[in-house]
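This is what each chain is made of:
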Amino acid sequence: MTDLHRLSIREISEGLAAAKFSSRELTEHYLKRIAKIDPQVRSYVTVTNEVALAQADAADALRQAGQATALTGIPVAHKDIFCTQGIKTSAGSKMLDNFISPYDATVVAQGKTAGLVTLGKVNMDEFAMGSTSESSFYGATKNPWALDHVPGGSSGGSAAVVAADLAPFATGTDTGGSIRQPASFCGLTGLKPTYGRVSRYGIIAYASSLDQAGPMARSAEDCAYLMNVMAGHDAKDSTSMDKAVEDYVANLNATTLKGLRIGIPKQYFNVAGLDAAVKARVEESLKKLEELGAVLVEIDLNMTESYVPTYYLIAPAEASSNLSRYDGVRYGYRAENPQDILDLYKRSRSEGFGAEVQRRILIGTYALSAGYYDAYYVKAQKVRRLIQQDFLKAFEQVDVIAAPTAPTTAYKIGASLDPVEMYLGDIYTIAVNLAGLPAISAPVGFDQDHLPVGLQLIGNYWSESQLLSVVHQYQQATDWHTQRAAIAEENA
Ligand code: GLN
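Residues numbered from 1 in each chain as written. Predicted model: local features only at pLDDT ≥ 70, side-chain atom pairs only at ≥ 80, totals over all residues. Heavy atoms only, no water.

**Observations concerning unusual backbone geometry**
Looking along the chain, the bond that leaves Gly153 and enters Ser154 is cis, with omega of 5 degrees. Position of Ser154 relative to the elements: it lies in the loop between strand E3 (117–122) and helix H5 (156–163). Even without a glycine there, the phi angle at Ala91 is positive, about 50 degrees. Structurally, Ala91 can be placed in the loop between strand E2 (75–79) and helix H4 (106–113). Residue Ala91 is classed as buried on the basis of its relative accessible area, which comes to 0%. In this model, His450 sits at a positive phi of 60 degrees, which is unusual for a non-glycine residue. Taking the relative accessible area as the measure of exposure, His450 reaches 41% and is therefore partly exposed. (Helix = DSSP H or I, 4+ residues; strand = E, 2+ residues; numbered from the N terminus. Buried < 20%, exposed > 50% of the residue type's maximum accessible area, 1.4 Å probe, protein only.)

Next comes the structure, spelled out in structure tokens:
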């Protein structure tokens, strides 16, 4: 079969079950596509050919023995922030270019238990800091819809591999939008779960109180399959929630759009940098949801102006603390011929970290230093609580909140936004992480350059099922999620 890469996860699952093709054939098909097409997209940091084929054979054997489950033998790509035993885990950084993880992240381990086949590790902004994937030590990944544009970030590789059909679905992480924004830029569906729904164990830490992993795929249905594997309590992550996991696939039709109250935050649609085409597509999608039975309710989110400054104090503060472990002594990059221990620390960190990471460490260290701690860090924590309360108040009136995922479509590679400009692009995604809420991005059309636009739906705590279900209903009635970039149409 030459078009295995066009199948949805459900179709792959059914095809494997009906022995229309084997996991080995499917895996070889993807590996062939990666070899032919990825040199243009540059999404994989590591392709794990041998591991993948061995896992595929093991999956086929399980199936022969009658022990296969829904996802046994389906390939996946992991963001290079998830530790993978025996495989390089770089977090997009020179600092970890030589790091072979001795253990698997819980998400990766759960994937193995479910029978997923690891195709490889995909590119990302260095330590997940960024919105373009350009800050990677391995260079920029290209947007499959327009190769001179970025795929978004930080999970840009995860988005690019799915959009170019170089993996059927992928894992991502979202600290301030890194699943949703690249999903939006690449015409995909991406879910950022409630903080604590997915284990953070074995995910290279950026900002621990914000980091959360989730699925990136073509549709809500495909995301639901991966979410069934990723979600769950983990004793190894003290912030993971001991709460029963729903069957996200079984619940895809559980929410009805009839009477669903969708909040439209006034402040969000008056943001200065909101692109006209993005605004128009998002409004059209809301109209469609209304036609399908939803009720649009105008709401206030009064803290909107505080999102960017609050996030850009808290995230760098936590990052500066988390990244102090990279000292050239324990593991990772070590500078050559140090004169003394201080020189070793200084040069290892100056040579091992890129510019954006160093900028964040400096901001974070400053915000946490004696004398500034109360004025910046503690103040930001107080504002963070107000942002959360603002959302909770809104959820007394509505079931979900709608917003653009990002104010623009994908940037040109090398557009060299200054850092503050780039931070402003996170306006619609970061408050969700500050509040710990779940949110999903889904494709709702294109701009004048045929670059994808995303609609974001934000839910109350633990409403992943509802969000997936709402998007699933929308996707049953529309076909934006089935459209493919030209490069995905190429055969290997
Ligand atoms: N763009 C945001 C940042 O740079 C979000 C990144 C993320 O979610 N990992 O911090």
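From this point, the narrative continues.
**Describing the site of the ligand**
In the vicinity of the ligand lie 15 residues, with Thr175, Gly176, Ser178, Tyr206 and Tyr311 positioned nearest. Asp426 is positioned such that a nitrogen or oxygen atom in its side chain is 3.0 Å from a nitrogen atom of the ligand. With the chains in place, 99% of the 300 Å² that the ligand exposes on its own is no longer accessible. Looking at the shell around the ligand residue by residue, the classes come out as five nonpolar, seven polar and three charged. (Near = heavy atom within 4 Å. Polar contact = N/O pair within 3.5 Å; in protein donor to acceptor, adjacent residues only side chain to side chain. Areas by Shrake-Rupley, 256 points an atom, 1.4 Å probe, with all protein chains shown as cover. Nonpolar A, V, L, I, M, F, W, Y, C, P; charged D, E, K, R; others polar.)

**Describing the nonpolar core**
Formed by 145 residues in total, the largest nonpolar core has its most connected members in Phe127 and Phe391. Leaving out residues up to four positions away in the same chain, Phe391 has contacts with Tyr268, Leu301, Tyr307, Ile401, Ala431, Ala435, Leu437 and Ile458. In this structure, Val150, Phe185, Ala406 and Tyr411 belong to the second largest nonpolar core, which totals five residues. (Core = buried A, V, L, I, M, F, W, Y, C linked by side-chain atoms within 4.5 Å. Contact = heavy atoms within 4.5 Å.)

**Comments concerning a nonpolar patch on the surface**
Taken together, the side chains of Val329, Ile341, Leu342 and Tyr345 define a hydrophobic patch exposed on the protein surface, amounting to about 360 Å² of accessible area. Here Ile341 shows up in helix H10 (residues 341–352). With a relative accessible area of 48%, Ile341 lands in the partly exposed category. (Patch = residues over 30% accessible without salt bridge, like charges linked within 9 Å, V, L, I, M, F, W, Y side chains within 5 Å. Salt bridge = Lys/Arg side-chain N within 4 Å of Asp/Glu carboxyl O.)

**Some words on the side chain of Thr89**
Here Thr89 lies in the loop between E2 and H4. Residue class for Thr89 comes out buried when judged on its relative accessible area of 0%. From its side chain, Thr89 meets the backbone oxygen of Ile87 in a polar contact 3.2 Å long. When near neighbours in sequence (up to four residues on either side) are disregarded, Thr89 contacts Asp80, Ile81, Phe82, Cys83, Thr84, Leu96, Phe99, Ser101, Lys121 and Ile204.

**Observations concerning the pairing of strand E9 (residues 400–404)**
Of all five residues in E9, five are buried; the element is thus mostly enclosed. What you see with E9 is no split at all: Val400, Ala402 and Pro404 on one side and Ile401 and Ala403 on the other are buried throughout. Relative to E9, strand E7 (residues 261–265) is paired through two bridges, and the arrangement is parallel. Considered in E9, the bridge of Ile262 is made with Val400. (Pairing = 2+ DSSP bridges.)

**Digging into the environment of Thr429**
Along the chain, Thr429 falls in the loop between helix H13 (419–424) and helix H14 (430–435). Look past the residues within four positions of Thr429 in its chain and what remains in contact with it is Gly176, Gly177, Arg180, Thr405 and Gln456.

**Looking at the environment of Val108**
Within the secondary structure, Val108 is located in helix H4. Among the residues examined, Val108 registers a relative accessible area of 2% and is labelled buried. Here Val108 is in contact with His78, Phe82, Cys83 and Thr84, once residues within four sequence places are set aside.

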